[in-house]
Amino acid sequence: RYIMMPIDDTLKWCAVRLVEWYKGTTRNLAGMYVAPCEEETGKLYFVDFEGETIIGPSIALSTVKSNPQLAKIPAFAQGKWIEGNILLYSMGNQLYYVIPWYRQEANMLLPQMVAIVNAFTQQMGFYIIQNPKDPNEVLMAATYAFQNMGVELVEKPERFELNGTLLNIFHYVR
């Protein structure tokens, strides 16, 4: 997936690949590969999360599916909503999974909800989209989900720090 990540205090587009522990008893993250774009195209970083407990995407999804508030919504509880791509974003000093949910209508998928899960604490927030054909509401859904979990969003964090060990830098472009 391509996401915006803060690198050296600058937001950059990066390809990111999450790595879960091989044959682990939990589905936590071991680390992630980050391949920045633009002037750093061709570089590949591995951020090692050893010593940190960071849930993997399957645990984030399970956290949403087991939420007691969402269980009261018939369409969600009956599995009529379909989860979209599970994306991991870094904001402030935290990692968050952003998970959109859709409903099938005729030959299209309409956005129904955005769920946010903190990858460190499993704290969760969500926003149910009232009018999936309203582009402004859909655009703001993730922001509302963050607000529902008590996260204050700011334009740019003062400094981002991701704890881990950089093992190697691979240069693929000569």
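Residues numbered from 1 in each chain as written. Predicted model: local features only at pLDDT ≥ 70, side-chain atom pairs only at ≥ 80, totals over all residues. Heavy atoms only, no water.

A. Structural detail: the overall build of the chain. Per the secondary structure count, the chain includes 4 helices and 10 strands. Within the chain, buried positions represent 40% of all 174 residues. Put simply, of all contacts in the chain between residues at least 6 apart along the chain, 46% involve residues at least 24 apart. Carbon and sulfur atoms form 52% of the exposed surface of the chain, whose accessible area is close to 10,700 Å². (Helix = DSSP H or I, 4+ residues; strand = E, 2+ residues; numbered from the N terminus. Buried < 20%, exposed > 50% of the residue type's maximum accessible area, 1.4 Å probe, protein only. Contact = heavy atoms within 4.5 Å. Areas by Shrake-Rupley, 256 points an atom, 1.4 Å probe, with all protein chains shown as cover.)

B. Spotlight on helix α1 (residues 57-65). Taken as a whole, α1 has its buried residues at Ile 59, Ala 60, Leu 61, Thr 63 and Val 64. Residues of α1 that are buried in the fold lie against α2 (68-71), α3 (74-77), β5 (81-83), β7 (94-105), β8 (108-118) and β9 (124-128).

C. How the structure looks around the environment of Asp 134. Within the fold, Asp 134 resides in the loop between β9 and α4 (135-148). At 3.0 Å, the side chain of Asp 134 and the backbone nitrogen of Asn 136 are in polar contact. (Polar contact = N/O pair within 3.5 Å; in protein donor to acceptor, adjacent residues only side chain to side chain.)

D. Seen up close, unusual backbone geometry. The phi dihedral of Glu 38 is positive, around 60 degrees, even though this residue is not glycine. If you trace the backbone, Glu 38 turns up in the loop between β3 (29-36) and β4 (43-48). One non-glycine residue, Ala 106, lies in the positive phi region at around 55 degrees. Examined against the element boundaries, Ala 106 turns out to sit in the loop between β7 and β8.

E. Region of interest: the pairing of β7. Taken together, the 3 bridges between β5 and β7 define a ladder with antiparallel strand orientation. For Glu 83, the partnering residue across the bridge sits in β7 and is Trp 101. Two strands pair when backbone bridges link them, and strand β6 (residues 87-91) and β7 are joined in this way by 5 bridges, in the antiparallel orientation. When the bridges of β7 are listed, Ser 90 appears paired with Leu 95. The loop that links β6 with its antiparallel partner β7 comprises 2 residues; one of these, Gly 92, has a positive phi angle of about 60 degrees. Bridge analysis of β7 against β8 gives 10 bridges, and the strand direction is antiparallel. Along β8, the bridge assignment pairs Pro 100 with Val 114. The antiparallel hairpin formed by β7 and β8 contains 2 residues in its connecting segment, where Ala 106 sits at a positive phi of about 55 degrees. (Pairing = 2+ DSSP bridges.)

F. The arrangement of the pairing of β9 in detail. Counting buried positions along β9 gives 4 out of 5 residues, so the element sits mostly inside the fold. Sheet analysis places β8 next to β9, joined by 5 bridges and oriented antiparallel. The partner of Val 114 across the bridge, within β9, is Tyr 127.

G. Representation of the packing of aromatic side chains. A full pass over the atoms with the stated rule returns 5 aromatic pairs. Here Tyr 33 and Phe 46 contribute two aromatic rings whose centre-to-centre distance is 4.8 Å and whose plane-to-plane angle is 55 degrees, an arrangement assigned as tilted. With Tyr 33 in strand β3 and Phe 46 in strand β4, the pair connects residues that are 13 residues apart, well separated along the chain. Tyr 33 sits in the partly exposed class, given a relative accessible area of 33%. Between the aromatic rings of Phe 76 and Trp 81, the centroid separation amounts to 5.8 Å while the plane-to-plane angle is 70 degrees, which identifies the pairing as edge-to-face. Feature note: the residues Phe 76, Trp 81 and Trp 101 constitute an aromatic cluster, connected by ring pairs. (Phe/Tyr/Trp six-rings, centres within 6.5 Å; stacked < 30°, edge-to-face > 60°.)

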